[in-house]
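Spelled out, the chains give:
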Amino acid sequence: FLETAAYFCMKPKMGEKEVSPHSFFSIWQEFSSDFKDFWKKENKLILQERVKEAEEVCRQKKGKSLYNIRPKHDSGIVSKLFPFL
C-alpha cells in the first residue's frame, strides 16, 4: 500500500506520519467514480456517432437502386411476329 501511495505522490496529512488507507481510498473512490461517469458519457457519444454513420450509409444505399433497368430490345419473337407493337 505504501509503495502505491508513494507512486501516486501521496503525502500524509498534517499531523500524520504516513498516508492512511482511508485518505488514499477516499480520493481514489472519487477519481474512479468520476472516471466511470466520463467513460459512460464518452461511450454513449461514440455509440450515437456510429448509429448516425450507419443510418447515413443506409440512406445512401437506399438512394441507389439495387437493380438496373435495361431498355427493351426488339430482337425477341414477339417483335418479329408483331412488328407494329
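Structure shown above.
Predicted model only: the values in this text are computed from it and were never measured.

**Details of the packing of aromatic side chains**
A full pass over the atoms with the stated rule returns 10 aromatic pairs. Seen in terms of ring centroids, F1 and F24 are 5.5 Å apart; in terms of plane orientation they differ by 85 degrees. Their pairing is edge-to-face. Taken as a pair, F1 in the segment before α1 (2–7) and F24 in helix α2 (residues 21–63) lie far apart in primary sequence, 23 residues in all. We classify F1 as partly exposed; its relative accessible area is 37%. Measuring from ring centre to ring centre gives 6.3 Å for F8 and F24, while their planes differ by 45 degrees; the resulting arrangement is tilted. A residue pair is termed long-range when its members are at least 10 positions apart, and F8 in the loop between α1 and α2 and F24 in helix α2 qualify at 16 residues. For F8, a relative accessible area of 41% translates into the label partly exposed. Taken together, the ring pairs connect F1, Y7, F8, F24, F25, W28, F31, F35 and W39 into an aromatic cluster.

**What to know about the side chain of S23**
Tracing the backbone through its elements, the reader meets S23 in helix α2. A relative accessible area of 6% means that S23 is categorised as buried. One polar contact links the side chain of S23 to the main-chain carbonyl oxygen of S20, over a distance of 2.9 Å.

Quick notes on the rules
Residues numbered from 1 in each chain as written. Predicted model: local features only at pLDDT ≥ 70, side-chain atom pairs only at ≥ 80, totals over all residues. Heavy atoms only, no water. Phe/Tyr/Trp six-rings, centres within 6.5 Å; stacked < 30°, edge-to-face > 60°. Helix = DSSP H or I, 4+ residues; strand = E, 2+ residues; numbered from the N terminus. Buried < 20%, exposed > 50% of the residue type's maximum accessible area, 1.4 Å probe, protein only. Polar contact = N/O pair within 3.5 Å; in protein donor to acceptor, adjacent residues only side chain to side chain.

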